[in-house]
Amino acid sequence: IYSSPDAITWTLRTSPITPSYSDISYANGRFVAVGGATGAAPSPVVYSDDGINWFAPTTPFSGSHRGIAYGNGVWIAVGTGVISISSDNAVTWATTSFPSLGISTGVTFANGLFCIVGSSGNIVTTVNGSSLSFVSVPASGVLVDIAFGNQTFVALDANGQIFISTDTLTWTLTRANDFGPTWTSITFGNGRFMAFASLSGGNNVMYSISGTQWIRLTDIPNYSWQGSTYGNGLYVAVGLSGATMYS
């Protein structure tokens with residue numbers, strides 16, 4: 001885990017466990033990071049109030065989890081056929097099995113709902129993680145990430161297809177498969193959506209205000225971007241081999 005005050009200078013922090021981290025979120029005064037379970041780290045979840053000092057939960061979950069979000073007073077971490085929930089700000093966790101959930105890859109919270117995406121091509125919603133509602137998204141491939149902004153949910157699949165919804169019930173395809181890079185991450189901030197892809201000749205970032213019309217950017221550093229966020233007036237993307245960029 002690394003932290004930075006300005007997205008320029010990054011400092012490695014000591015983690016109480018050593019999983020392969022895959023997602024991190026900040027809410028309710030706390031950072032929570034989740035990842036893939038390893039032999040040395042079967043319970044891949046840690047938390048921090050300052051991004052510098054990290055702690056393992058008193059009662060962690062076990063097994064790999066790909067996404068993390070906070071809302072309605074609970075943290076929800078999503079994995080393959082499982083949802084783990086914490087109602088005490090990530091200190092103790094309980095896990096429920098949902099085999100029909102499939103491989104979950106991303107989750108966001110907005111308008112009173114958690115919205116989960118994954119390899120099944122379904123959009124899954126839940127109020128608090130105890131029961132799930134499934135919506136089929138026609139023509140979607142592997143949905144990799146989801147974001148909310150401008151009163152719109154925007155889901156991204158690995159082929160660059162974009163699906164939008166204002167109510168999580170009806171989804172509309174707004175961008176077709178571009179047969180190019182593998183898209184990995186989407187975030188919202190400062191009035192626009194930003195999506196990022198893995199290595200593909202350098203034009204592996206696109207943006208949109210409404211989620212309907214997308215513009216590919218040029219002269220982007222040619223790295224395999226894996227995650228993104230917005231904060232303190234900056235978009236920040238992180239990639240393989242320690243790559244970072246900001247705008």
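Scroll up to find the structure this text is about.
Scope of this entry: the structure provided in the associated data block. From a predicted model like this one, the values you see are computed outputs, not experimental measurements. (Residues numbered from 1 in each chain as written. Predicted model: local features only at pLDDT ≥ 70, side-chain atom pairs only at ≥ 80, totals over all residues. Heavy atoms only, no water.)

**Description of the sheet that holds strand E6 (residues 65–71)**
This is how it is decided: Here, strands pair whenever DSSP counts at least two bridges between them. Strands here mean DSSP runs of E at least two residues long; helices mean DSSP runs of H or I at least four residues long; both are numbered from the N terminus. Axes, fitted as lines to C-alpha atoms, cover a helix only where it is in contact. Angles between the N-to-C directions of the axes lie from 0 to 180 degrees.
Strands sit in the order E6-E7-E8-E9 across an open sheet of four strands; the sheet is antiparallel. The open sheet has two edge strands with one neighbour each: E6 and strand E9 (94–97). Each strand axis lies, on average, 20° off the axis of its neighbour in the sheet, ignoring direction. As defined by bridge partners, strand E8 (residues 82–86) adjoins E9 across four bridges and the pair is classed as antiparallel. Within the sheet, the bridge partner assigned to Ser84 lies in E9 and is Thr95.

**Describing unusual backbone geometry**
Selection criterion: Any residue under 20% of the maximum accessible area for its type is buried, any over 50% is exposed, and the rest in between are partly exposed; the area is computed with a 1.4 Å probe on protein chains only.
The phi torsion at Asn28 lies on the positive side, around 55°, for a residue other than glycine. Take Asn28: it is sitting in the loop between strand E3 (20–27) and strand E4 (30–36). Residue Asn28 is classed as partly exposed on the basis of its relative accessible area of 46%. If you check the backbone angles, Asn89 has positive phi at about 65° while not being a glycine. Mapped onto the elements, Asn89 comes out in the loop between E8 and E9.

**Quick word on the pattern of salt bridges**
Convention followed: Any Lys or Arg side-chain nitrogen located within 4 Å of an Asp or Glu carboxyl oxygen qualifies as a salt bridge.
By the definition in use, this model includes three salt bridges. The closest approach of N and O atoms between Asp178 and Arg175, which form a salt bridge, is 3.1 Å. We classify Asp178 as partly exposed; its relative accessible area is 22%. The residue Arg216 makes a salt bridge to Asp178 at a minimum N-O spacing of 3.1 Å. Taken together, the residues Arg216 in strand E21 (residues 215–216) and Asp178 in the loop between strand E17 (172–175) and strand E18 (183–189) connect sequence positions 38 residues apart. Using a relative accessible area of 27% as the deciding quantity, one classes Arg216 as partly exposed.

Everything listed is a geometric property; what it means functionally is a separate question.
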